[in-house]
Amino acid sequence: MSKLMNRRRVLRGMLNGCAITVGLPFLNCFLNENGTVLASTGASIPFRFGTWSWGLGMSEAVFVPKKTGPNFDLPPEIAPLKDIQQHINLFTNYKVFKDAAPNLCHHTGWVILRSGVAPLTAANRPGETIDVTIAKKIGSATRFRNLCANATGDVRDSFSYENGNSVNTPEWSPIRFYQRLFGTDFQNPNAPEFKPDPRVMVRKSVLSGVMDETKSLTKDLGAEDKARLDQYFTGLRDLERRFDLQLTKPEPIAACHPPAKPPEDLPSGLDADLVSKRHRMMTDLMLMAVACDQARVFNMFYAAAFSATTKPGYDKPHHTATHEEAVVETQHCQPNVSWYTRRAMEEWAYYVQALSKIKEGDGTMLDNVLVYASTDQSFAKTHAIEGIPMFTAGRAQGRIKTGLHIDGAGTPGTRLGYTSMKLMGLDVPSWGDQSNHTSKEIGEILA
Amino acid sequence: MRGARVAPVALATFATARAALAVAVALVLFFVLAGCTGGTGEPEGSASPMRVRLMTGKQYSATLAYIFGDDVSDAVPAPLPPLARTGGLLASGAASIGVTSDQIQQIQQAAAAVAARVVDEEHRDFLIPCKPADEKAADAPCAKMFLQQTGRLWYRRPVDDARLAKLVKHAGEAADELKDFYAGLAVALEGMLVSPDALFIMDVAEPDPDHPGHRRLDAYSLAARLSFFLWNAAPDDALLKAAESGELLTRKGRERAVDAMLASARVEDGVRAFFDDMMGFNDFDSLAKDPKAYPTVTGATLADAREQTLRTVIDHLITKREDYRDLFTTRATFMSMNLAAIYGVPTVNGWVPYEFPEDSPRAGLLTQVSFLSAHAHPARSSVTRRGKALRELFLCQVVPSPPPNVDFSKLDDPDPSLKTARERLKVHATNASCAGCHKIMDPMGFALEHFDGAGQFRDTENGAVLDTSGSLDGNAFKDINGLNQALHDHPSLPSCLVNRVYSYGTGGPLSVSGDKAILAHFTERFAKAGYKLPDLLRDIALSNAFSEVREGKSGRPTQVAQNSN
């Protein structure tokens, strides 16, 4: 690529003429030979981090494979993973430690796995969750720092926290999610013309005034309120950076094919089929936004810790069933609870397959992501947190092997979070608190 | 001492100095004995914490609706985060919630959408009080007029000169850059709409000249606290004028303002918001019933159930000024077509007043579809959930969570001879680890077993006759009417409401030790006044506790005197 064809050279000077439009079709000559690197800039396909969560764990006898390593067997609850087995790793027999804290039903497990710290009360939210920590490292270059969405249709369902008082609000409606991702503020990287919004520059100027105001407000506040205002100020600074991004012509992305029209609206409700439909719509929107490099950290929440998903014709929602349904010894599980878990695994399979269907370079998006999946309990009936299962999906740009079942031998479950942070390039010597503290990666999956 | 301000007027009516002196002494004694509270007997030194609250989504939308109209407000979903229920109220969670970077991005997007609508051709002639000399250029006087007027309402106090100059400058620069006066104005408005000074409701205090050594909310903070309390929205023009003139800081001025607010139709918005919060109606945002079990219950049905209860509350407490406790026995309500199918009664289109007959099992809030369906499973009723909700929502009691390792399998006993919930739940009474908590929930829930998980009446369950007897804290009853009466007569029913209303009004969770005396005071007066909500609202709004401040939980200093004007 000669300098004359450099896209930034073409764009240089555009900002002073905001109303000017420039025709810049996506050309194959902008890609290198194998398609993984944008030849014009040397920018590689970004490496991203995702999370996925399901509720209420598993039934060990019908979930945990007998065999470890590659080609592990697929007991009934994870049978739906057959087609994605080569893309994932399954982690079992890891522990989360509550130490002196109580075992808070459906809370302790997920909070430890996402934040590394055992909560002291049910109202005690996690500190910074790993997606937020990772987004600080890799989330600055995109329009959204961190995307959160759920399949429950409930705005309260999120496992992403900046701190104990600050949840990242999830998107819960497909239409709203579409509008946020691909509405009027979306700049299609493959659009033939680039029109920097002239209002963005003037917005930046106004924003700096708001930041000055924010600073002046904090001087008379107590420590906790000052921290809240400081957090707001940080958010405004972050917003300013996002404005800068809007002024830069995005590089073309072959994988970016935004939906042409908004999705249908969905009613509220937690019927398993409806949840499944919502999950798939939200997944498709989210992953396309990732493909279009609108975000490099993304969180999908299939079901809540107290999952109230319902099975048509069965009078107990998932959570109620875990406690009230008897174990049928001949089946080694609670049959209806197991049905709910299988539905969750079907959706996990859908999610991973959706990643595999997005072509990037000479591979798929799975090559360029690390997805971390966790739940809140191991055996929900007794609120057990020993042996809580986890997954990863994706090859993390060649950094990890996949298709493995790893037996954690009772070591801390926080090792997977720690491994994830290391893989994502964070310079962290250790992670987690007290017995959940670890500085040991899960070496078996490292390439 | 506020009362002292009326003394000179009173003294002027007496002819002799001696008489005047006697009256003055009497007045001083009166106010000292009455705790300097205008004769209400409010405990000495009552005060509430200074707080920094994030505006709730409803408050954001209601404030925009007042300033710009419903169509602008309705077109833009409130971009504020969900709140954690704290001390029984979502609103109290606003006193500690933080705003993430992602959320601020959403706030900015909403601000841009609001601003674009305000200046569009459809709205500008109504919402902007002037026209620019040239639509393609800056016009500082016109921008100033709009930003000053709008800013005063949005920031809940006059926009100081420095801030106004900056806003006008931003509008002008943007207009010149964009060659569009209205686009420039929109950008300046966006800046206002993302300002934390408006989105956070920040209490500002000043020395209280009537109570040396004490501090009080300044007039604008008091106006905001009153307005968010009674209207669930920012102050209107009249209330801000009362703050600007200083009238709001006088006893009589504050009474006039509070009485005007209580007389306004907007108090219904405030009371609705409070009860929606207190009764946990945000659950309806995602509530659904199993269509196989309850084919007639749709999303519209459940939305109407929520609305029915709120209409009942407003009509009973505000319109009719009835006894709060009677909400749990009244047969008067409102009916819609969607609900008529569930209640099995005839009706006409639209919302109409409806009175259940004397022989109907329906009486009071507990028998309305909202309570019955929200506290049940998607496909069946729940004795335990209903009992728990009754205690937590209306009696302010906390029911402990079940122990982590309890085995509930016996509840799913397939024995076909166990036809009713009472039979299946016997395990609660016979299992020691369950009995402790379930004995305080199940006996009330049994009384509601004539209503299924969608709130529909049923004579029997699986063909078995239902035994709806039970007890509530020593009051035994035979059926739902007995439970309603037991709840009506429960001493914690009114005190719970007082606790929640005071917490809601002062913007955060209660302090067990710091608020004990003032809550007892309000509860006593609430009872003496016949449990009338408007009287309770007025009492709290006019109390010293409402306007005097003490250090908040966050350690916020009380020595804050400057005004951000």
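Residues numbered from 1 in each chain as written. Chains lettered and ligands numbered in written order. Predicted model: local features only at pLDDT ≥ 70, side-chain atom pairs only at ≥ 80, totals over all residues.

Student: How should I be thinking about the overall build of chain B in this particular structure?
Tutor: Per the secondary structure count, chain B includes 28 helices and 12 strands. Evaluated residue by residue, chain B yields a buried proportion of 51% over its 565 residues. Relative to all contacts within chain B whose residues are 6 or more apart in sequence, the contacts with residues 24 or more apart total 68%. (Helix = DSSP H or I, 4+ residues; strand = E, 2+ residues; numbered from the N terminus. Buried ≥ 20, exposed ≤ 12 C-beta atoms within 10 Å, placed from the backbone. Contact = placed C-beta atoms within 7 Å.)

Student: Looking at this structure, I do not really get the interface of chain A and chain B. What am I missing?
Tutor: In many analyses, interface size is given as the accessible surface area lost on bringing the parts together. At the interface, 65 residues of chain A touch 55 residues of chain B. When residues in the side of chain A that touches chain B are grouped by element, the largest group, 13 residues, is from helix 7 (residues 223–246) of chain A. Considering only residue class, the side of chain A that touches chain B consists of 23 nonpolar, 24 polar and 18 charged. (Nonpolar A, V, L, I, M, F, W, Y, C, P; charged D, E, K, R; others polar.)

Student: Help me out: how do you make sense of the domain arrangement of chain A in this one?
Tutor: Residues and elements named next belong to chain A. As far as domains go, chain A holds domain 1 (1–44), domain 2 (47–186 + 256–445) and domain 3 (197–248). One C-alpha centre belongs to domain 2, the other to domain 3; they are set 32 Å apart. Facing 4 residues of domain 2, the contacting portion of domain 3 comprises 5 residues. (Domains from an automatic or database assignment.)

Student: Got a minute to help me understand the nonpolar core in this structure?
Tutor: Grouped burial of nonpolar side chains is what soluble globular proteins tend to show. Ala188(B) and Ala223(B) are the most contacted members of the largest nonpolar core, which totals 271 residues. It is helix 8 (residues 272–291) of chain A that contributes the most residues to this core, 12 residues altogether. In contact with Ala223(B), other than residues within four places in its own chain, are Arg156(B), Pro235(B), Leu239(B), Leu240(B), Ala242(B), Ala243(B) and Leu248(B). (Core = buried A, V, L, I, M, F, W, Y, C linked by C-beta atoms within 7 Å.)

Student: Just checking my understanding: could you explain the confidence of the model for chain A for this structure?
Tutor: Interpretation of this model should avoid reading the predicted coordinates in detail wherever pLDDT is low. Averaged over every residue, the pLDDT of chain A is 88; residues scoring 70 or more account for 90%. Here residues 1–42 of chain A scores under 50 on pLDDT; set against residues more than four positions off or in separate chains, the count is 55 contacts. (pLDDT = per-residue confidence, 0-100.)

Student: Help me understand the pairing of strand 6 (residues 88–92) of chain A in this model?
Tutor: Moving residue by residue along a regular strand, the side chains alternate between the two faces of the sheet. Residue and element names in this part refer to chain A. Among the 5 residues of strand 6, 5 are classified as buried, and the element is accordingly described as predominantly covered. Pairing analysis gives 4 bridges linking strand 6 to strand 15 (residues 390–393), with the strands arranged antiparallel. By the bridge assignment, isoleucine 88 is partnered in strand 15 with alanine 393. Strand direction decides the pairing type here: strand 6 and strand 16 (residues 404–407), joined by 4 bridges, are parallel. The residue bridging threonine 92 from the neighbouring strand is aspartate 407, located in strand 16. (Pairing = 2+ DSSP bridges.)

Student: Looking at this structure, I do not really get the confidence of the model for chain B. What am I missing?
Tutor: Residue and element names in this part refer to chain B. Across chain B, the average pLDDT comes to 88, with 88% of residues at 70 or higher. Here residues 553–565 is modelled with pLDDT under 50, and outside its nearest four sequence neighbours on either side it reaches 34 contacts, counting other chains as well. Across the interface, the model reports ipTM at 0.86; the global pTM reads 0.87.

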